[in-house]
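In case you want the letters, here they are:
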Amino acid sequence: MGEVIRKPIKPLQVNPIKLSQPMGATLAFLGIDKCMPLMHGGQGCASFTKVFMTRHFSEPIAIQTTAVTDVTAILDGGDYSIVEAIKNITKKASPSLIGLHTTGLPETKGDDIRGVAAKIDFPLVHVNTPDYEGGLESGWALAVKAIIEQLVEASEELDGNKLVLLPHVSLQPIEVEKLKEFIAGFGFEVLALPDLSTSLDGYLGEKQGSLSGGGISVEQIRALADAGLVLSVGDSMLGAAKALLEKNPAMRHHHFAHLSGLEATDALVERLLAETGFQKPPASVIRWRKRLQDAMLDSHFSLGQTRFAVAAEPDQLAGVCASLREAGGRVRLAIATVDSPQLVKIPAEKVLVGDLEDAENLQDDYDLIVGNFHAEALAHRFHKGLVVRGFPNWEQIGNQLKNDVLYEGGAYFLFEAANVAEAMRAATHHGRD
């Protein structure tokens, strides 16, 4: 592991890659069936989030706002705005749950959303997600922890075949689905919390609904505490896993920092074999492991002569850097959106909490950058290769079906990275001619 710089030396972000906590909480609530995320803050905060996610997923996004104005911010304690917003929501739709989360304005003002929620006779989960702290990843994690604490019913029973999967925010819907199918292959009934694999996976429905469609149901969430096994993916989800174990201390918990690449997937298979007593994994798992090994062999000639920079949320950063390192890629620079325990484990020569200005200042250190769509301008200006990953990606469609996890996704990712690296070198060669 290389140098880790946890605190930016700049007083501000110049070309940020970081997204806000309320956006992460909104995304978490969208993984619950018939849920309405309710953002307590200015109307612009919810409008920006709606546009942002609609463009990324190419899907309609359900979200409402308490529409706090400058007048209500000063004169109202928050109660009126929240109560009126819930009245309006329930007049027009019949959500199974309302996900109330805050922004910077009501948090600065000191609104007591817990006190307000206690007075509301409607299924509701509340969580404080000020956008002057944390980022997308922590907002998602805080929302999942609040959902568990406020909805899951304590239990002393255990269902040995039932498994709860707690995925981090950067896993795309198809990646959550692949994880569920992979684990189900070992005989488990898998429930993901949240579950974007059936809500934002880009399916063609009969009509556009006003609420989130698909995802885990509220009834399934209430009954999660009888699961025999809990798997958390990403260090940001450790708090949520701890909250779930408090509902039933007899549950067993296994944690994975990420599930990208050969070593991490091997560790998951080993753990599942130990839990089930199976002698060997399903035939499709064995086949995909061999395909990934072949992909590593085919791509390492290109990846081994390529210097990488990766900019992402910490949990995704750990997975991408591990996949590249396993295939011989040299990760010279890893830029995280926020601080995280993950940073000390990331296999990169330099790890820092920063922004794309840092990537620009250190552009002599790498040839290819892996990052969200905001990295495109930098890549074009300095003639770098670009692999687009993370939120947002507004210029490409099909983001919800990009798969980088397990043996299968690892093979796809290595091929894409190697092909981009070769195209970059060819373009550089032709430019010199």
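The protein appears in an unreviewed UniProt entry as Nitrogenase iron-molybdenum cofactor biosynthesis protein NifN from Desulfuromonas versatilis. The Pathway (unreviewed entry) field of the UniProt record for the protein holds the comment "Cofactor biosynthesis; Fe-Mo cofactor biosynthesis." UniProt's Sequence similarities (unreviewed entry) comment on the protein is quoted here verbatim: "Belongs to the NifD/NifK/NifE/NifN family."

Further remarks concern the overall build of the protein. Check the secondary structure of the protein and you find 16 helices and 14 strands. By its C-alpha atoms, the protein is 70 × 55 × 45 Å across when sized along the principal axes. When the 433 residues of the protein are sorted by exposure, 57% land in the buried category. For the protein, long-range pairs separated by at least 24 residues make up 72% of all intrachain contacts whose partners lie at least 6 apart in sequence. Carbon together with sulfur atoms contributes 52% to the accessible area of the protein, which is approximately 18,300 Å² in total.

Turning to helix 13 (residues 314-326), a few remarks are in order. With 13 residues, helix 13 ought to run about 18 Å at 1.5 Å a step, and its terminal C-alpha atoms sit 18 Å apart, in line with that. When you tally the buried positions in helix 13, you get 12 out of 13 residues, the bulk of the element. Residues of helix 13 that are buried: Pro314, Asp315, Gln316, Leu317, Ala318, Gly319, Val320, Cys321, Ala322, Ser323, Leu324 and Glu326. Gly328, located one to two residues past helix 13, shows a positive phi value of around 95°.

Inspection of every chain in the model, using the stated rule, returns two cavities of 30 Å³ or more. In this structure, the largest cavity spans a volume of roughly 220 Å³. What lines the largest cavity is a set of 23 residues, and nearest its centre among them are Ser170, Glu175, Gln316, Arg389 and Asp404. Here the lining of the largest cavity is built from residues that sort into six nonpolar, 12 polar and five charged. Here the second largest cavity defines a volume of roughly 90 Å³. Lining the second largest cavity are Ile17, Leu19, Leu136, Ala311, Ala312, Glu313, Gln316, Thr337, Asn372, Arg389, Gly390 and Phe391. Looking at side-chain class alone, the lining of the second largest cavity contains six nonpolar, four polar and two charged residues.

Thresholds, definitions, all that
Residues numbered from 1 in each chain as written. Predicted model: local features only at pLDDT ≥ 70, side-chain atom pairs only at ≥ 80, totals over all residues. Heavy atoms only, no water. UniProt positions renumbered as here; feature names shortened; annotations may be inferred. Helix = DSSP H or I, 4+ residues; strand = E, 2+ residues; numbered from the N terminus. Buried < 20%, exposed > 50% of the residue type's maximum accessible area, 1.4 Å probe, protein only. Contact = heavy atoms within 4.5 Å. Areas by Shrake-Rupley, 256 points an atom, 1.4 Å probe, with all protein chains shown as cover. Expected span 1.5 Å × (residues − 1). 1 Å grid on protein atoms, 1.4 Å probe; cavity = no way out; pocket = protein on both sides within 12 Å on 5 of 7 lines; lining within 4 Å. Points joined across faces, edges and corners; volume = space filled by probe spheres on them. Nonpolar A, V, L, I, M, F, W, Y, C, P; charged D, E, K, R; others polar.

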